[in-house]
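This is what each chain is made of:
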Amino acid sequence: MKLTNPESIQKSEKEFIDTINAELDWDVIEQLLLDKHNFEVHDDIAYKDGTLIVYNNEIAYKFDFEIKVPLSVIFNRGGECLSMSTAREDEMFENNHDMEIQNSSTEQTHCGEAEKKKERGMAVEIADLISEINNKA
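These figures come from a predicted structure and were not determined experimentally. (Residues numbered from 1 in each chain as written. Predicted model: local features only at pLDDT ≥ 70, side-chain atom pairs only at ≥ 80, totals over all residues. Heavy atoms only, no water.)

K.L.:
I'd like to hear about the pattern of salt bridges, residue by residue, with values.
P.N.:
This model, assessed by the stated rule, comprises two salt bridges. The partner of Asp 18 in a salt bridge is Lys 14, and the shortest N-O contact between them spans 3.0 Å. Of the two residues, Asp 18 and Lys 14 are both situated in helix α1 (residues 6-22); the distance of four residues between them amounts to about one turn of the helix. For Asp 64, the salt bridge is made with Lys 62, and the minimal N-O distance between the two is 2.9 Å. Look at Asp 64 and you get partly exposed, because its relative accessible area is 29%. A residue is classified by how much of its surface remains accessible, and Lys 62, at 38% relative accessible area, is partly exposed. (Salt bridge = Lys/Arg side-chain N within 4 Å of Asp/Glu carboxyl O. Helix = DSSP H or I, 4+ residues; strand = E, 2+ residues; numbered from the N terminus. Buried < 20%, exposed > 50% of the residue type's maximum accessible area, 1.4 Å probe, protein only.)

K.L.:
Before we move on, could you go through the environment of Lys 48 and cite the residues and values that matter?
P.N.:
Mapped onto the secondary structure, Lys 48 falls in strand β1 (residues 46-54). Measuring from C-alpha to C-alpha, the distance between Lys 48 and Glu 66 comes to 7.1 Å, with 18 residues separating the pair along the chain. Setting aside residues no more than four positions away along its own chain, Lys 48 makes contact with Asp 64, Phe 65 and Glu 66. (Contact = heavy atoms within 4.5 Å.)

K.L.:
Tell me about the environment of Lys 68, and name the residues and values.
P.N.:
You can see Lys 68 is positioned in the loop between β2 (59-66) and β3 (72-75). Distance in space between the C-alpha atoms of Lys 68 and His 42 is 6.7 Å, their sequence separation being 26 residues. Beyond its immediate chain neighbours, meaning those up to four positions away, Lys 68 contacts Glu 40, Val 41, His 42 and Asp 43.

K.L.:
Run through the pairing of β1, naming residues and quoting values.
P.N.:
Where β1 meets β2, eight bridges bridge the pair, whose relative direction is antiparallel. Paired with Gly 50 across the bridge in β2 is Phe 63. In this structure, the hairpin formed by β1 and β2 is closed by a connection of four residues, where Asn 56 is found at a positive phi of approximately 55°. (Pairing = 2+ DSSP bridges.)

K.L.:
Can you lay out the packing of aromatic side chains for me, pointing to particular residues and giving the numbers?
P.N.:
Following the criterion strictly, the structure yields five aromatic pairs and no others. With centroids separated by 6.2 Å and ring planes inclined at 45°, the aromatic side chains of Tyr 47 and Phe 63 adopt a geometry described as tilted. Placement of Tyr 47 in strand β1 and of Phe 63 in strand β2 is noted, with a sequence separation of 16 residues between them. Summarising the aromatic geometry, the rings of Phe 63 and Phe 65 are spaced 6.2 Å apart at their centres and angled 15° between planes, so their arrangement reads as stacked. Linked through ring pairs, Trp 26, Tyr 47, Phe 63 and Phe 65 together constitute an aromatic cluster. (Phe/Tyr/Trp six-rings, centres within 6.5 Å; stacked < 30°, edge-to-face > 60°.)

K.L.:
Give me α1: which residues, what numbers.
P.N.:
With 17 residues, α1 ought to run about 24 Å at 1.5 Å a step, and its terminal C-alpha atoms sit 24 Å apart, in line with that. For α1, the N-terminal capping position is held by Asn 5, with its side-chain oxygen 3.0 Å away from the main-chain nitrogen of Glu 7. (Expected span 1.5 Å × (residues − 1). Polar contact = N/O pair within 3.5 Å; in protein donor to acceptor, adjacent residues only side chain to side chain.)

As structure tokens, then:
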């Protein structure tokens, strides 16, 4: 025996979730992403879904979003990945002759000093090639 219309309950739950979503403090969420994952949000965050759940024996709310994050990938001419980071490294291209690869807390590979020196040399060589191409254009 139903005590109420299930569609009415679902509609009220959706309105409740939407109200919570509207009140989220995005400055705090973005700061958490930066602090915990070194992600900076550059575009709008897309809301996908929200629901009421039980988490560690406690009532909680789960919201799913999609975000875009920057991704820098450095690889050599052999196609091998040298570094992957979620922090933009555009500043390393500003000075072609003094290029130095910045280490990020989200870097995926670790190299010895000899490899780092080789990478810096390759980076300078690539920067020189780019400079030559730009000067010819």
